[in-house]
Amino acid sequence: MPVTTLARYRDWPEERMVARILEIKAQLGDELTILGHHYQRDESIQFADYRGDSLGLSEQAAQTDARHILFCGVYFMAETAAVLAKSGQVVVQPVPEALCPMARMATGAEAQGAYELLSGVWGDSIVPITYQNSTADVKAFVGRHGGAVCTSSNARQLFEWAFRQGEHILFLPDEHLGTNTALDMGIPREQLGVWNPIKPVRPEYLANARVVVWQGFCSVHTRFTVEDVRAARERYPGCIVVVHPECRREVVVEADQYGSTTGIIRVVEQAPAGATIVVGTEYHLVQRLNAEFPDKMVVPLAVSVCNTMAMTRLPHVLLALESIVAGEPINVVSVDAETAHWARMALKRMLEAS
Ligand code: SF4
């Protein structure tokens, strides 16, 4: 019988749903891999065979031979898994409406338009780089134009790689990761331009720029302020403040350290017992780290939740798994062959460059 509605679980207690999910996992065995992003709620990430950041999870997806990959995360992550999937593998996202607002701030067509305008002043020396947190469409645009994907851990390496290929970088879609990376490399502010896709500046104003960053942002990370950092230092004297590079420049400068999600976890792991670590990233991860390291205190810089990451709940996971067991998977994520080819090219260049 096809499984089509969440309503059937309305009266199910949590324990019953958990038991049924575990039963399905055991039944499917190696035929199923569940991936969970660090920002997921405990109620969904508890079933993950692999936890990680978006790229680490996609790499896991590419390595598994499981026929079904259930991706508990947001859409661009499941899309990347679909791009990297082997023939015959099916990627399912429990909540297809869980989209990353930042990834949606750039489309391939908008990126192509910016590229053409900038080519008018920069010639053919532009290397586009896109953050992993982007649509397959944008990754494909980058792949077609000789560019690569980067993550928040290897952005600097990819910028260095890009400058070996050409003289200018168009970076999408996160203004803050692009700005933090460029400034840390010693590129002066006056050689850094911002591209507003709604109201683009005249390209000739950017003639002296070496890096142009797309004006996209993550509302979860731009929510943190310098005042939050100062308040945390007053409240927790001697604390370590670590933030994500999607934060604004002034917050990154005010913090003690900044790093990718994986880097933040490492800071917590390596902090001495008794330390207080104030973390500027998504709240579910901060809470989990606090529970996992009882000898340390891990507190949020401010409570900032990614609402779309939080959409995946127990009934969604269960419904998606029931559909797989029934042989009629719902919410299958797929990418057309042409887009997947160029997106894969951009991902491959990243792996080669880092
Ligand atoms: S935390 Fe930010 S970048 Fe990550 S999925 Fe949410 S909105 Fe997108």
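Residues numbered from 1 in each chain as written. Predicted model: local features only at pLDDT ≥ 70, side-chain atom pairs only at ≥ 80, totals over all residues. Heavy atoms only, no water.

A. Here's a closer look at the site of the ligand. By nearness alone, every residue bordering the ligand is listed as Tyr-39, Val-74, Cys-100, Pro-101, Met-102, Asn-133, Cys-218, Val-220, Glu-246, Cys-306 and Met-309. Mapping the ligand onto the cavity grids shows that it belongs to the largest pocket. Among the residues making up the shell around the ligand, the classes are represented as 9 nonpolar, 1 polar and 1 charged. (Near = heavy atom within 4 Å. 1 Å grid on protein atoms, 1.4 Å probe; cavity = no way out; pocket = protein on both sides within 12 Å on 5 of 7 lines; lining within 4 Å. Sits in = over half its atoms within 2 Å of the grid points. Nonpolar A, V, L, I, M, F, W, Y, C, P; charged D, E, K, R; others polar.)

B. Up close: helix H13 (residues 314-325). Taking 1.5 Å per residue as the helical rise, H13 with its 12 residues ought to reach 16 Å, and the 17 Å between its terminal C-alpha atoms agrees with that figure. Among the residues making up H13, those that are buried are Leu-314, His-316, Val-317, Leu-318, Leu-319, Ala-320, Leu-321, Glu-322, Ser-323 and Ile-324. Following H13 by one or two positions, Gly-327 has its phi on the positive side, about 80°. (Helix = DSSP H or I, 4+ residues; strand = E, 2+ residues; numbered from the N terminus. Expected span 1.5 Å × (residues − 1). Buried < 20%, exposed > 50% of the residue type's maximum accessible area, 1.4 Å probe, protein only.)

C. Fine view of the nonpolar core. Membership of the largest hydrophobic core comes to 84 residues, with the highest contact counts inside it found for Val-91, Ile-129, Phe-171, Leu-172 and Ile-277. Counting 22 residues, the second largest nonpolar core, distinct from the first, contains Trp-12, Leu-70, Val-317 and Ile-324. (Core = buried A, V, L, I, M, F, W, Y, C linked by side-chain atoms within 4.5 Å.)

D. The packing of aromatic side chains, seen in detail. Within this structure, the stated rule accounts for 3 aromatic pairs. Between Tyr-9 and Trp-12, the ring centres sit 5.0 Å apart and the planes meet at 80°, which makes this aromatic pair edge-to-face. Taken together, a centroid distance of 5.8 Å and an interplanar angle of 80° make the contact between Tyr-115 and Phe-141 edge-to-face. A residue pair is termed long-range when its members are at least 10 positions apart, and Tyr-115 in helix H5 (residues 108-122) and Phe-141 in helix H6 (residues 136-144) qualify at 26 residues. Each of the two residues, Tyr-115 as well as Phe-141, counts as buried. (Phe/Tyr/Trp six-rings, centres within 6.5 Å; stacked < 30°, edge-to-face > 60°.)

E. Expanded view of the pattern of salt bridges. Tallied over the entire structure, the rule returns 16 salt bridges. A salt bridge links Arg-313 to Glu-43; the shortest N-O distance between them is 2.9 Å. Remark: Glu-43 occurs in helix H2 (residues 42-45) and Arg-313 occurs in the loop between strand S13 (297-300) and H13; sequence separation between them is 270 residues. On the basis of relative accessibility, which here comes to 32%, the residue Arg-313 falls in the partly exposed class. (Salt bridge = Lys/Arg side-chain N within 4 Å of Asp/Glu carboxyl O.)

F. Representation of the packing of helix H3 (residues 54-63) against helix H4 (residues 75-84). With their axes 9 Å apart at the nearest point, H3 and H4 run at an angle of 30° to one another. Where H3 crosses over H4, the two elements pack in a sense that is right-handed. Taking contact as the criterion, the partners of Ser-54, Ser-58, Ala-61 and Ala-62 in H3 are, on H4, Phe-76, Met-77, Thr-80, Ala-81 and Leu-84. Here the residues of the contact of H3 with H4 are counted per class, giving 6 nonpolar, 3 polar and no charged. (Axes fitted to C-alpha atoms, helices over the stretch in contact; angles between N-to-C directions. Left-handed = near helix turned anticlockwise from the far one by under 90°. Contact = heavy atoms within 4.5 Å.)

G. Molecular detail of the sheet that holds strand S8 (residues 192-195). With parallel pairing, the 5 strands of this open sheet are ordered in space as S6-S5-S7-S9-S8. Each having just a single partner strand, strand S6 (148-150) and S8 make up the two edges of the open sheet. For this sheet the average axis-to-axis angle between neighbouring strands, irrespective of direction, equals 25°. Judged from the 4 bridges that link them, S8 and strand S9 (residues 211-214) form a sheet pairing that is parallel. In the sheet register, Gly-193 faces S9, and the bridge partner there is Val-212. Running over the sheet, helix H7 (residues 155-165) touches strand S5 (126-131), S6, strand S7 (168-172) and S9 and is turned about 165° from S5. (Pairing = 2+ DSSP bridges.)

H. Geometry of the layout of surface pockets. Size it by volume and the largest pocket reaches roughly 400 Å³. As for the largest pocket, its lining consists of 30 residues, and the residues nearest its centre are Tyr-39, Cys-100, Asn-133, Cys-218 and Glu-246. Elements with a contribution of two residues or more to the lining of the largest pocket: H3 and H4. Here the residues of the lining of the largest pocket sort into 16 nonpolar, 12 polar and 2 charged. (Points joined across faces, edges and corners; volume = space filled by probe spheres on them.)

I. A look at the environment of Tyr-50. Take Tyr-50: it is sitting in strand S2 (residues 50-52). The spatial distance from the C-alpha of Tyr-50 to the C-alpha of Gly-36 is 6.3 Å, given a sequence separation of 14 residues. The residues contacting Tyr-50, other than those within four sequence positions of it, are Thr-33, Ile-34, Leu-35, Gly-36, Leu-57 and Gln-60.

J. Up close: the sheet that holds S2. If you walk across this open sheet you meet the 5 strands as S2-S1-S3-S4-S14, and the pairing is mixed. Bordering the open sheet on either side are S2 and strand S14 (332-333), each of which pairs with just one other strand. Pairing of strand S4 (residues 90-92) with S14 involves 2 bridges; the strand directions are antiparallel. Paired with Val-91 across the strands is Val-333, a residue of S14.

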